[in-house]
Structure formats: structure tokens, C-alpha cells
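Descriptive structure summary
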Amino acid sequence: MSRARAPRAGGQELEVTITALGTAGDGIAESGQGRLFVPSALPGERWRVRLEQRLPQGWRTQPLHCVDAVERAPPVCPHFGRCGGCRLQHLPDQAYRRHKRGRIVAALAHRGLPVEPVGELRVTPAASRRRLRLGATRAGGRLVLGLRERGRHRLEPLTVCPIACPELATILLPLGAALGGALLAPEPGEVSLALTTTGIDLLLHATRLPQPSERERLAGVAHALDLARIGWCSGDDASPEPIVTRRQPMVELSTVPVALPAGGFLQATAFGEAELARAAAAWAAGSTAAVDLYAGIGTLTFAIAAQVRRVRAVEGDGAALVALEAAARASRLGGIRAERRDLARRPLLAAEFAGCDLAVLDPPRVGAVEQVREIAAARVPKVIYAACSPETFARDARHLVDGGLELRELRPIDQFLYAAEVELVALFARPDAAKRP
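Read on for an overview of the structure.

Digging into the nonpolar core
Ranked by size, the top nonpolar core spans 43 residues in total, and within it L179, L193 and I230 carry the most contacts. In terms of residue count, the dominant contributor to this core is helix α3 (residues 172-182) (four residues). Judged by nonpolar contacts, the second largest core, of 39 residues, contains L321, L324, A338 and V360.

Let's talk about the sheet that holds strand β18 (residues 310-315)
Reading across the sheet, the eight strands line up as β7-β22-β23-β21-β20-β17-β18-β19 and stay open at both edges, with mixed pairing between neighbours. Lying at the two open borders of the sheet, with one neighbouring strand each, are β7 (122-123) and β19 (336-340). Across seven bridges, the pairing between strand β22 (residues 406-414) and strand β23 (residues 423-429) is antiparallel. Bridge pairing links I413 to E423 in β23. Taken strand by strand, helix α5 (residues 270-284) contacts β7, β20 (358-361), β21 (382-387), β22 and β23, and its axis lies near 160 degrees from that of β22. Set on the sheet, helix α8 (residues 369-378) makes contact with β17 (289-293), β20 and β21; between it and β20 the angle comes to about 170 degrees.

Thoughts on the pairing of β17
Counted residue by residue, β17 has five buried out of five residues, so it is predominantly covered. As paired elements, β17 and β18 share five bridges and run parallel to each other. Looking at the pairing, V291 lines up with R312 of β18. Strand direction decides the pairing type here: β17 and β20, joined by four bridges, are parallel. Among the inter-strand pairings, A290 is bridged to a residue of β20, identified as L358.

Quick notes on the rules
- The numbers attached to residues start from 1 for each chain and follow its sequence in the written order.
- Local features in this predicted model are restricted to residues whose pLDDT is 70 or higher, and side-chain atom pairs enter the listing and the counts only when it is 80 or higher, whereas totals over whole chains, interfaces and linings include all residues.
- As a rule here, side-chain values come from all non-hydrogen atoms in the structure, and water together with hydrogens is ignored.
- The criterion is simple. A nonpolar core is a set of buried Ala, Val, Leu, Ile, Met, Phe, Trp, Tyr and Cys residues joined through side-chain atoms within 4.5 Å.
- Throughout this description, buried means an accessible area under 20% of the type-specific maximum (1.4 Å probe, protein chains only), exposed means over 50%, and partly exposed covers the range between.
- Secondary structure follows DSSP: runs of H or I at least 4 residues long count as helices, runs of E at least 2 residues long count as strands, and numbering of each begins at the N terminus.
- At least two bridges found by DSSP between two strands is the condition for calling them paired.
- We call two residues contacting when some pair of their heavy atoms lies within 4.5 Å.
- Fitting a line to C-alpha atoms yields each axis, with helices limited to the stretch in contact; the angle taken between N-to-C directions then spans 0 to 180 degrees.

Laid out in C-alpha cells, this is it:
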């Protein structure tokens, strides 16, 4: 139900009741203008809003005033509401847990899949985010680092970050000042930071190549701030180039030391990585030959290596595969064989799973629909699937179940604290496989 104050749509003010929480963390209300998305609103509340931008599924609105509120949690960050991240800080703990788990349950139910295997949410602790990608903009003599307001170009400078590891949170201001003196215009528009066991790995995202004078000054920045490495990426399709490496950034995956490539993918938190690895290792027990698809630098490869005699690790990124191979060789894990292959363009065919009794995959957000069809057709006895999108996971899971596999267990992992996203890892097995892997 709504009451209009203006005759036109854009800019129109309405008073609406929030009936649900959307997958992006916005409150949802129904009105005569269609579905409305209200940032920071909670189910049961009544809000006055202004229609702001027409979307395919409704309207993005600007919340003006909460007419009737429900119980809320005090936000832990002073940037809440202006920063584009951490949109769920205002949810009380139990409601927060229900919402994140509920995203997975709703996605499964939408595909007609069982929801009983969904376990309780495992929540990452505060101050544990070890990977950040931030916007950057010039402000006087410094580069300001922060996150953009949702749906806008405005950058909210970060002065604190309760979700980030302290080593990353405390370096943001001095790093911005140092980069401001080292870089020329146009400056890189984004920076990525990863905390590794040997220090901070910094990657600058730009639309041009670095100048010789910048290389020299960036070496000074790395020394002054004790950074392990500074890299430069001159485009979305370009390979990152190390500018200065003072120490090789290293990570430990299931006790295996791995050299992190410049720009290499790393799970957002050590907690989330450990939860994924723990589940994969437990479920891999009893298998003898596995194929690990989208293996990356080996997060799940090394997790199952102690349980499985042979692991075929397949990955499309060459630098990641080199890091995986080198780590396996250095740790004397002779049962791991690495293979470079673009699985989005050329998925493994059913016949290529011959002799395999376990398939493991951790695809990108878009999922791996063609690959799971081949896995189902191959009649692999057991499948472990990690995902960061409940919706694409449920779509792919439908193909696995239609191919004769059962969804046995699913562990929700809240790796992205206060964000709308939720990670998961799931076990599928055929009915004739042992019920307890």
C-alpha cells in the first residue's frame, strides 16, 4: 500500500511498508509504481521514499524518513549507509543469520531441490578480511582510497574498516598519502590489497602503462611502508606486472606454502578458506582419483591431496597453475597433476572423467552449467561444489540432481561479513555411494 505526493514517477514520494529483504540487502516494498528497493530498510518498517532510478525489476529509491521502525542492530562502522559495502550491519544477529541462510534455502526451493541438507551458517569473525579492492581518487596531494556509494560514482573515503584485517585497515591512510606523491595523472582508478604471510601485496589497476619515474617512486613506497610487492595492471585483460618485489607474497593452503601470483585469486578470509578446505577434505575421504576444476592456486587441490591418491588440477589461468605446480613439487605431492584449460570455453567432457570417483569444482560467480552437465553424464560417484552465488549454484545443482546425484550436505559460509553475498560448499553423491562419505 502506498500514498503518492507527486503526479510523476521519477522524483515521486511514497510512503511504503517493507515486506522483505532482497538478495542485495535492500528492503523491498510493493507499490502502485511496482516493486521498490529501499536501502537500509528492514521488513516490517514503514518508510517515506523518493523514486530515484527505474530498474528492470522495479525502482531504486532514496530513503527519506523511517515512519515506523523495527528492532535494529547498531552499525559497527561509521561509513555505514554511505559506503557501498557491508549493507547488512543493521540486521540483528539472528535475523542476519536467517537472511543469509535463507538466501540459499530460497534458491534451492526455487529449483525444486531439497533444503534439509542446508546446515547452520558459519560466520567469519570481524577484522578478518585479508583481501580488499578499493576505488581511488585524487584529493589534493594524496590518493583517497575507499568504496563507491551504491549506484553512484561518489567515493566514500575509508578511515576505518571493521571487517578488514588490522594490517590492511591501518595502512589505508598512509598508503593513500604515499601513492599521491608517487603517481602521475591519470592515476590508477582502483587498488587491490592482499595480506599474505610475508606482507601486503598491492596491485594498482590503471588504464595505462606505468611511467619510468613512477616505477622508481613506487619502489620507495614499498620500502617506506614495508610492502611485500607492488604490481601494476594496465587493463582488465592485461596480465599484472610486478613493479617491485621485496618479498615473494606467500599463502599457506592446507599447510602447503604457495607463492601468490600478482593479481592471483585468494579467498577473502582465512576463515572462509579453512571452512571450504575442511569440508572438502572430510568429504573426499574414501576417494582415490579426483578432478579439481577451476583449481586456482590450489585451495581445494591441497585440501583433498592427503585423502586422494591422484588429483588432476585443471585451471585456465597460467600464473595460478604455475604457482600450484611449484607448490606441489616443493611439498613433494607427487599425486597432483596440473593441466591448463579454459573450462568456460572447453569443459571436460564426460569421457574425460574415466577412472575418476570424485569431481571438485569452485567456479566463478556465473557458475558452470555446461561443465556440471558433463559431470552428471559421466556418472561420477561424488561431487564437491563450492560457490559464491546461491542462485547459480542452485541452477547447476538441478542438473546434477537430474543426472542422478543426491544433495547430501551443504555448509553455508558467511565469508563476506555484513555483505549481501554468502559462500557455500556442498556434497553430492549417487544413491549407491556410501551415505556417510
